[in-house]
Amino acid sequence: AATERLGLPPAQAHVLRVLGEGPARSLAELAARTHTDASSASVVVQRLVTLGLVARTPAADDRRRTELALTRAGRLRLRAT
């Protein structure tokens with residue numbers, strides 16, 4: 001029911017909820033937290049980035065790594081459920 005209220009497919013809603021618990025220091029970390037492989041997580045994250053719900057930012061300590069966090073719109077969408 002919460003997934004339907006988010007108006008997102010189940011995989012995207014799950015990632016949104018997981019990132020709502022706290023940002024991910026990398027795509028690999030997010031994949032581990034969502035119990036998926038990195039390639040699947042990457043596809044879901046890209047869609048959420050396109051929707052403006054998730055932001056990718058280069059890590060301050062390692063520019064090769066991308067950190068993932070909810071945007072303001074993502075936090076608002078999650079809070080609305």
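See the structure above.
Residues numbered from 1 in each chain as written. Predicted model: local features only at pLDDT ≥ 70, side-chain atom pairs only at ≥ 80, totals over all residues. Heavy atoms only, no water.

Colleague: Give me the nonpolar core: which residues, what numbers.
Modeller: Nonpolar side chains in soluble globular proteins generally cluster together in the buried interior. With 17 residues, the main nonpolar core has Leu8, Val15, Leu16, Leu19, Leu30, Leu48 and Val54 as its most contacted residues. Elements represented by at least two residues in this core include exactly helix H2 (10-21), helix H4 (38-50) and strand S2 (66-70). Looking at this core element by element, the count peaks at 5 residues for H2. Setting aside residues no more than four positions away along its own chain, Leu19 makes contact with Ala24, Leu30, Arg33, Val54, Leu68 and Leu70. (Core = buried A, V, L, I, M, F, W, Y, C linked by side-chain atoms within 4.5 Å. Buried < 20%, exposed > 50% of the residue type's maximum accessible area, 1.4 Å probe, protein only. Helix = DSSP H or I, 4+ residues; strand = E, 2+ residues; numbered from the N terminus. Contact = heavy atoms within 4.5 Å.)

Colleague: Which residues make up the side chain of Gln12, and what values go with them?
Modeller: Here Gln12 shows up in helix H2. Given the relative accessible area of 11%, Gln12 is considered buried. Apart from the residues within four sequence positions on either side, Gln12 is in contact with Val44, Arg47, Leu48 and Leu51.

Colleague: Can you explain the environment of Gly20? Please cite residues and give values.
Modeller: By the element assignment, Gly20 lies in helix H2. Look at Gly20 and you get partly exposed, because its relative accessible area is 42%. Counting along the chain gives 51 residues from Gly20 to Thr71, while the straight-line C-alpha distance between them is 10.0 Å. Those residues in contact with Gly20, other than ones at most four positions away along the chain, are Leu70 and Leu78.

Colleague: I'd like a rundown of the packing of H2 against helix H5 (residues 72-79), residues and numbers included.
Modeller: Closest axis-to-axis distance for the H2/H5 pair is 10 Å, and the angle between their directions is 105°. In terms of orientation, H2 lies roughly perpendicular with respect to H5. Of H5, the residues touching H2 (which contributes Leu16, Arg17 and Gly20) are Gly74, Arg77 and Leu78. Considered class by class, the residues forming the contact of H2 with H5 number 2 nonpolar, 2 polar and 2 charged. (Axes fitted to C-alpha atoms, helices over the stretch in contact; angles between N-to-C directions. Parallel < 35°, antiparallel > 145°, perpendicular 65-115°, else oblique. Nonpolar A, V, L, I, M, F, W, Y, C, P; charged D, E, K, R; others polar.)

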